Amino acid sequence: MQICPSILSADFANLERELHRIAEADWAHVDVMDGHFVPNLTLGLPVVEALARVSPVPLDCHLMIDDPDRWAAGYAEAGAASVTFHVEAVRDAVATARSVRAAGARAAFALKPGTPFAPYADLLAEVDMVLVMTVEPGFGGQSFMDDQMAKVREVRQAVERRGGQIWVQVDGGVSADTIGRCVEAGADVFVAGSAVYGAEDAGAQVRALRDLAAGHRH
Ligand code: DX5
Ligand code: ZN
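For every chain, the first residue of its written sequence is number 1, and the numbers climb from 1 along that sequence. The lettering of chains begins at A and the numbering of ligands begins at 1, in the order of writing. Predicted model: local features are reported for residues with pLDDT of at least 70 only, side-chain atom pairs are reported and counted for 80 or more only, and whole-chain, interface and lining totals are derived from all residues. Hydrogen atoms and water are omitted, and side-chain values are computed over all heavy atoms in the structure.

(A) Expanded view of the overall build of the chain. Each helix is a run of DSSP H or I of at least 4 residues and each strand a run of E of at least 2, with the numbering of both proceeding from the N terminus. Secondary structure summary: the chain contains 8 helices and 8 strands in total. For 218 residues, the compact-globule estimate of 2.2 N^0.38 gives 17 Å, and the C-alpha radius of gyration of the chain, at 16 Å, lies within 12% of that figure. Dimensions along the principal axes, computed over C-alpha positions, put the chain at roughly 40 × 40 × 30 Å. Burial status across the chain gives 55% buried among its 218 residues. Carbon and sulfur atoms provide 47% of the accessible area of the chain, an area that totals close to 9,000 Å². Of the side chains in the chain, 18 bear a positive and 30 a negative charge, and the two mean positions are spaced by 4 Å. As a reference, a globule follows 2.2 Å times the number of residues to the power 0.38, and the radius of gyration itself is taken over C-alpha atoms. The rule is simple: take the accessible area with a 1.4 Å probe, protein chains only, and divide by the maximum for that residue type; under 20% is buried, over 50% is exposed, in between is partly exposed. Exposure was quantified through the Shrake-Rupley algorithm and a 1.4 Å probe, taking into account, for residues, occlusion by the shown protein chains and nothing else. When charges are tallied, Lys and Arg are placed among the positive residues and Asp and Glu among the negative ones, while His and the ends of the chain are skipped. Where a charge lies is defined by one atom per residue type, namely NZ (Lys), CZ (Arg), CG (Asp) and CD (Glu).

As structure tokens, this is what we get:
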């Protein structure tokens, strides 16, 4: 049960300090948006490189960008320990996943809410994690989409058939109210932006979410 606060909801003028607020987390989730794949623009390679130098926790980069084939490995080289690309944007998913792993990071693919898992099931052979989006990618603070839990179950079953080594991540609207449903559906890695950074004590919120997740485990 791993908690990944998303710095999308952090104070962008003080990112080093914001990373230290979540030093007890398992990962820092970094949302890279290009204003094309999603209608929002955040940060890119130079910022990820700078964050990797000062972060007390490993970086989990979620690429919401066109042409991840071209950019994904660069994020691994910049110091991200995990790099996720979207299947809706990638042209050659196998080559892209392999390029990320060759650069020394964990590779993952992400599915938008409207994207089914089945056509991508064979890709499990190439990745370390699958991200099931529980909001439309682009913005923090949106409502959790309960209807994605069927997809989480489907991914979990496929992962178990392969031996259970691959992580199943959820991202969007994850909070103390919704994390239990994600655990029950089979997720084991939880991105939470507003729920963590909106809390007075972000560290305590990370612990609380982790305890809740552990409590729902079956
Ligand atoms: C949305 C991003 C999420 C976002 C989650 O496109 O991928 O990582 O930061 O924020 P919350 O937890 O507030 O929904
Ligand atoms: Zn994200």
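We are not done yet, so read on.
(B) A look at the coordination of the zinc ion (ligand 2). With water excluded from the atoms, a metal site may look incomplete; its donors are any N, O or S atoms within 2.8 Å, or within 3.2 Å for Na, K and Ca. Only His29 (NE2), Asp31 (OD), His62 (ND1) and Asp171 (OD) from the protein reach the zinc ion (ligand 2) as donors, at distances of 2.1 to 2.3 Å. Only four donors with every angle between 85 and 135 degrees are called tetrahedral; only four or six donors with opposite donors over 155 degrees apart and all others between 65 and 115 are called square planar or octahedral, in that order; all others are irregular. One can describe the donor arrangement at the zinc ion (ligand 2) as octahedral, given that its 6 donor atoms subtend angles of 70 to 172° at the metal. Each donor residue of the zinc ion (ligand 2) belongs to the same chain, with the gaps between them written as H-x1-D-x30-H-x108-D. With Asp31 in strand S2 (residues 28-33) and Asp171 in strand S7 (residues 167-171), this residue pair connects regions lying 140 residues apart in the sequence. For the pair Asp31 and Asp171, one class covers both residues: buried.

(C) Geometry of the nonpolar core. By nonpolar core we mean a set of buried residues, namely Ala, Val, Leu, Ile, Met, Phe, Trp, Tyr and Cys, connected to one another through side-chain atoms within 4.5 Å. Ranked by size, the top nonpolar core spans 64 residues in total, and within it Ile22, Val30, Val48, Val83, Phe109, Leu124 and Phe190 carry the most contacts. Per element, the largest residue contribution to this core is 5 residues, and it comes from helix H5 (residues 149-161). The contact rule is simple, with two residues in contact once any of their heavy atoms fall within 4.5 Å. Discounting chain neighbours no more than four positions away, the residues touching Val30 are Ile7, Leu43, Val48, Leu51, Leu59, Asp60, Cys61 and His62. If you look at the next biggest cluster of nonpolar residues, it comprises 7 residues, including Cys4, Trp27, Trp167 and Val189.

(D) Inspection of the sheet that holds strand S3 (residues 59-64) at higher detail. A pair of strands is considered paired only if DSSP assigns at least 2 bridges between the two. With parallel pairing, the 8 strands of this open sheet are ordered in space as S1-S8-S7-S6-S5-S4-S3-S2. The sheet is open, and its two borders are formed by strand S1 (2-5) and S2, each paired with just one other strand. On average, each strand axis in the sheet is tilted by 25° relative to the strand beside it, whichever way the strands run. Looking at chain direction, strand S6 (residues 129-133) and S7 are connected through 5 bridges and run parallel. Residue pairing in the sheet places Val132 in a bridge with Val170 of S7. Lines fitted to C-alpha atoms define the axes, with helix axes restricted to the stretch in contact, and inter-axis angles between N-to-C directions lie between 0 and 180 degrees. Contacts from helix H3 (residues 68-77) reach S2, S3 and strand S4 (82-86), with the element oriented near 165° to S4.

Nothing here speaks to function; it is geometry throughout.
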